[in-house]
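Examining the three-dimensional arrangement
Single-letter residue listing:
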Amino acid sequence: MVDNRSPEAGADLDRLSLSRRELLMGAGGVLLAGGLAACGSSGSSSGGSSGGGGSAPAGTPKKGGNFRLGVTGGGASDIVDGQSIVTKPDQARLIGGWETLMTYDEDYVLGTDGLAEEVDSSVPGQVDVRLRSGIEFHNGKTLTADDVIYSIQRILNPKEGLFGAAGLGSVDPKNLKKMDANTVRIGLKQPDSTIPDQLGQYFNGIVPEGYERKNNLKWIGTGPYQIQSFTPGQQSVAVRNKNYWRPASDGPWFDQVTVTDFADSAAQVNALLAGQIDAITDIPFAQIDTAKAQGIQILEGHGGGWLPLCMAIDMEPFTDVRVRQAFRLMADRPAMLEQVLSGHGSVANDLFAPFDACYSSDLAQREQDIEQAKSLLKAAGKDGMTVDLHTTNGAAGMVDSANVFAAQTKAAGVTVNVKNDPNYYGDQYLKLAFSVDFWGTRGFLPQVGLGMLPPPCPYNETHWPPKSGEGSNYIDLYNQALKETDPTKRCSIIHEMQKAEYDVGGYIIPFFNNLVDAHSAKVQGFKVSKATLNLDTFGHGYRTIWFT
Amino acid sequence: MRLGGIAGFVVRRLLLGVLVLFLVSLVVFAATQALPGDPARSILGRTATPASLKALREQLGLSGSVFSQYVDWITGLLHGDAGNSLAAQEPVSDLLGDKVVNSAFLVFCAGIISIPISIAIGSYAALKRDRAFDVTSSVSTLVFAALPEFVTGIALVVIFSTNVFTGFLPAITIIPPGARPWDDMKAMILPTATLVLAVTPYVVRIMRASMIEVLESDYVEMARLKGLPERTVMIRHALPNALGPTFQVIAINLAYLAGGVIVVEYVFNYAGIGGALTNAVSTQDIPVVQALAMLIAAIYVVLNLLADIATILVTPRLRTRL
């Protein structure tokens, strides 16, 4: 099946190249997600307020210049597609060229600042999308309902193997109705309150009717920039869309955007210091001080990516909830954050989806408690136990997390043997009692659809939910939440689900990572945002940034 | 008679080269076969299904016997078809064409600068043996020979691009799609300088050693006793005889450059075969790895052959033994 974790997991080369392998054969597994009651996305959030904003843009925007961005993680497998990515440079290319129906703002709140001026999901089983009128594609064609229908059908076509298919699994591709030139009624196979969120995922871009990755429409979108040239593993050039639909005062400002692939982050930093490029993604933590000393600006965005330690709740030694609780109490989360990410992140509380409006932030922060862990283990008859922790050099930090945790458990007399296995994502993946994995930013419900339910949902590392006791009604709650259109009621259902995960779940989630990028002082307009993609969602598609 | 001798020698060496390449092809093929587990499974990773495994095995040509797989691959290679890249899903030749040109140009720049310089320095050091120039050049070549090229490269970047003379020279080489490396020679300076500093010391030292040997020989003394000007002694009598061993070292160094550019390309983000090779290894793009391994092996064979021929041409007494 297609790995639709990867585009959001964004922060790492290796996880992206994993998805590449999966894309190669484009196996027909997307149907799996459809069979499940939608691996949908979290409810339309009601507006977080903290953490966004940040440095106020200085000066008045002005037109001109060639914005040169350096990105690591690309290679021969780079692609350009309005609805798909393989590597991180692909994200940087997609985001300037294509736009979505809905959008996320700097606080990760969903809104209608995109191609749709209204998205109505108040009637269960259908979503009405009304487009803004007068939007044109790069080739001058006007955006209509037909393009939206084509775009959604392309995402859902199993042969295309696109990321968005899993999240839109409850959409019935044969039941997309054109109500008028600008309105589409999306028919659902079952109620799914998360469809609007999926319409805001950056990889669900709107492409013109007839679009294919290799035909004459391949670089046509509605975005602020149009791709002019592209060489995988090297460079792409995009020029400003002179016909862009937003008011001129909203940008875009640059004449041109050049994205260059870098094999090595040291070369990337050198190029930035020497003034050959204007911004880079993922500056190595060790280089931050050097770069700052030379006048480089660091942009640290709040990320929601996470590296869980996964305990399979139906496998020894974790069948006993006391063992799981003991392991959670052995973790010193702030120390893990410091040692694995040099502090560039925030401490987590064994729950995912921190940007979701329904995130249960009122649950007490779990802290290391060796004595309590010891007595739980003793009660379970497991004191002095030994267990293997499987990991791999997949996403950055997966091996470090395992090693740091293994060191922390010694205090409780537990021996954790770290097994670094290059073939981790082979036959044994998801069948291990204790393993490390990686996930990107997403809302709560879509994350549940991908990782917290029995098959056919694809990546349930902890074999959640339990058969009895707290959490055994988890699947029912999930389906209720998908049907619930009232955000407040949906949140209370989600809180119940999260309480069960917090009390008896199989994840140890130590921290959420930040996105740490750097840019030259002459680039203005970047904001510190909560985002899935680097550099303030690449300066909102290079539209909200400019040269002084 | 003599020419026939050389021609025969070249033919024999060519045949030997073909044999070497054949053996290399066996090793490269065996190495890619020896990858842990089933290549199709390792490529598909966690999404492998029986159907997708079967499809990928067919695509990779893994369904036949090992022997027939090898024959298919080597036959394709002989027809100039190195297969399709798994990562890029396009012919390997399309993927690597420009990159081979870029890397070849970098090696060419390094060679065209380092060879004359090292021959001149080595010869002059031999002539001024144990004097200040000789001592200075000996010590500095020893230092540069001891430094790995990535250290030299990063030091040059720090000095000329990022920290001392910020922005004086480009820190990396950006070759836009469709452009050629020679379109922006300024960006070639640091990578070329790094390679020159990496290769020159060896050639200087061997040139100095063989020049000293030649200068102590009877015929050079004879030439001097005849009263020939020192210039003539050096260029007409000593240099050709000292060049023989040096050619061998130059050939080995140039061949080394073909592989050694990998590190330098990495430091300077240079779009060449080095980056392609590291990327292919990390994405397990077997056809690309195989093609590049064969290409680098072929460069070794060809350069050694050229060096042998050049040695014979400058060493008349070797010709009689052919």
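Residues numbered from 1 in each chain as written. Chains lettered and ligands numbered in written order. Predicted model: local features only at pLDDT ≥ 70, side-chain atom pairs only at ≥ 80, totals over all residues.

**Regarding the overall build of chain B**
- On a plain count of helices and strands, chain B comes out with 13 helices and zero strands.
- Secondary structure elements of chain B occur, N-terminal to C-terminal, as α-α-α-α-α-α-α-α-α-α-α-α-α.
- Every one of the 322 residues in chain B was classed for burial, and the buried ones make up 38%.
- Counting contacts in chain B only where the partners sit at least 6 residues apart, residues at least 24 apart contribute 70% of the total. (Helix = DSSP H or I, 4+ residues; strand = E, 2+ residues; numbered from the N terminus. Buried ≥ 20, exposed ≤ 12 C-beta atoms within 10 Å, placed from the backbone. Contact = placed C-beta atoms within 7 Å.)

**Focus: the overall build of chain A**
- Secondary structure assignment for chain A yields 17 helices and 21 strands.
- Intrachain contacts of chain A at a sequence separation of at least 6 include 73% that bridge at least 24 residues.

**Focus: unusual backbone geometry**
Residue and element names in this part refer to chain A.
- Cis geometry marks the peptide bond from G251 to P252, where omega comes out at 5 degrees.
- Tracing the backbone through its elements, the reader meets P252 in the loop between β9 (235–240) and β10 (256–262).
- A cis amide bond links W464 with the next residue in sequence, P465, at an omega value of -5 degrees.
- Position of P465 relative to the elements: it lies in the loop between α14 (444–451) and α15 (474–483).
- Unusually for a residue other than glycine, Y542 sits at a positive phi of about 65 degrees.
- Within the secondary structure, Y542 is located in helix α17 (residues 534–542).

**Here we look at the sheet that holds strand β4 (residues 116–120) of chain A**
Residues and elements named next belong to chain A.
- Taking strand neighbours across the sheet as the criterion, the four strands line up as β4-β5-β7-β6 in an open arrangement whose pairing is antiparallel. Every other strand in the sheet has two partners, leaving β4 and β6 (171–180) as the edge strands with one partner each. Taken over all neighbouring pairs, the strand axes of this sheet differ in orientation by 20 degrees on average, direction set aside.
- In this structure, β6 lies alongside strand β7 (residues 183–188), joined through five bridges in antiparallel fashion. Considered in β7, the bridge of L176 is made with I186.
- Against the sheet, helix α5 (residues 145–156) makes contact with β5 (126–131), β6 and β7, and its axis sits at roughly 175 degrees relative to β6, the strand it touches most. (Pairing = 2+ DSSP bridges. Axes fitted to C-alpha atoms, helices over the stretch in contact; angles between N-to-C directions.)

**Details of α14(A)**
Residue and element names in this part refer to chain A.
- With respect to burial, α14 is a largely interior element, eight of its eight residues being buried.
- Turning to α14, its buried residues number three or more, namely F444, L445, P446, Q447, V448, G449, L450 and G451.
- Against the buried residues of α14 lie α6 (164–167), α15 and α16 (487–504).

**Observations concerning the confidence of the model for chain A**
- Of the residues in chain A, 89% reach a pLDDT of 70 or more, and the chain-wide mean stands at 86.
- Counting contacts from residues 1–57 of chain A, a segment whose pLDDT is below 50, to residues more than four positions away or on other chains yields 197 contacts. (pLDDT = per-residue confidence, 0-100.)

**Looking at the packing of helix α5 (residues 92–127) of chain B against helix α6 (residues 132–146) of chain B**
Residue and element names in this part refer to chain B.
- Where α5 contacts α6, the two axes come as close as 8 Å, and the packing angle between them is 135 degrees. In terms of their interaxial angle, α5 and α6 are classed as oblique. The chirality of how α5 crosses α6 is left-handed. Contacts between α5 and α6 involve I121, Y124 and A125 on the former and, on the latter, F133, D134, S137 and S138.
- For the contact of α5 with α6, a count of residues per class yields four nonpolar, two polar and one charged. (Parallel < 35°, antiparallel > 145°, perpendicular 65-115°, else oblique. Left-handed = near helix turned anticlockwise from the far one by under 90°. Nonpolar A, V, L, I, M, F, W, Y, C, P; charged D, E, K, R; others polar.)

**Side note on the packing of helix α10 (residues 230–268) of chain B against helix α11 (residues 273–282) of chain B**
All names here are of chain B.
- Between α10 and α11, whose axes approach to 7 Å, the crossing angle comes to 90 degrees. As the angle between them shows, α10 and α11 are arranged roughly perpendicular. Touching V261, I262, E265 and Y266 of α10 are G274, G275, L277 and T278, all from α11.
- Residue classes in the contact of α10 with α11 are distributed as four nonpolar, three polar and one charged.

**A word on the environment of G114(A)**
Residue and element names in this part refer to chain A.
- Note that G114 resides in the loop between β3 (110–111) and β4.
- Sequence separation between G114 and P284 is 170 residues; the distance between their C-alpha atoms is 33 Å.
- If we ignore the near neighbours within four places in the chain, the residues touching G114 are E99, T100, L101, M102, T103 and G200.

**Observations concerning the pairing of strand β15 (residues 386–391) of chain A**
Residues and elements named next belong to chain A.
- Of the pairings in the sheet, the one linking β15 to strand β16 (residues 415–420) comprises six bridges and is parallel in character. Opposite D388, over in β16, you have N417 as the bridge partner.
- Viewed along the sheet, the connection from β15 through helix α13 (residues 398–409) into β16 turns out right-handed. (Right-handed = clockwise from strand over helix to strand, strands pointing away.)

**Side note on the environment of L351(A)**
All names here are of chain A.
- Mapped onto the elements of the fold, L351 is located in the loop between β14 (345–347) and α12 (370–379).
- Residue L351 is classed as buried on the basis of its C-beta count, with 22 C-beta atoms lying within 10 Å.
- Separated by 215 residues in sequence, L351 and E136 place their C-alpha atoms 42 Å apart.
- When residues no more than four places from it in sequence are discounted, the contact partners of L351 are S360, Q498, E501, Y502 and I509.

**Here we look at the nonpolar core**
- In terms of nonpolar packing, the biggest core is built from 219 residues, with V129(A), I186(A), L195(B) and V203(B) touching the most fellow members.
- In terms of residue count, the dominant contributor to this core is α10(B) (18 residues).
- What L195(B) contacts, discounting residues up to four positions off in sequence, is L106(B), A110(B), E149(B), L257(B), V261(B) and V264(B). (Core = buried A, V, L, I, M, F, W, Y, C linked by C-beta atoms within 7 Å.)

**What about the pairing of β9(A)?**
Residue and element names in this part refer to chain A.
- Burial runs high along β9: five of the six residues are buried.
- Direction of pairing for strand β8 (residues 225–231) relative to β9: antiparallel, over a ladder of six bridges. Looking at the pairing, I227 lines up with A238 of β9.
- Between the antiparallel neighbours β8 and β9 lie three residues, among them G233 with a positive phi of about 80 degrees.
- Pairing geometry for β9 and β10, over five bridges, is antiparallel. Among the inter-strand pairings, S236 is bridged to a residue of β10, identified as V259.

**Things to note about α16(A)**
Residue and element names in this part refer to chain A.
- Compared with the 26 Å implied by 1.5 Å per residue over 18 residues, the 26 Å span of α16 between its first and last C-alpha is a close match.
- Residues R490, C491, I493, I494, M497, Q498 and E501 constitute the buried set of α16. The buried side chains of α16 occupy one side of the element, clustering within an arc of 160 degrees when seen end-on. Residues of α16 that are exposed and angled more than 90 degrees away from the buried face: T488 and S492.
- Packed against the buried residues of α16 are α14, α15 and β18 (507–508). (Expected span 1.5 Å × (residues − 1). Arc of directions from axis to C-beta.)

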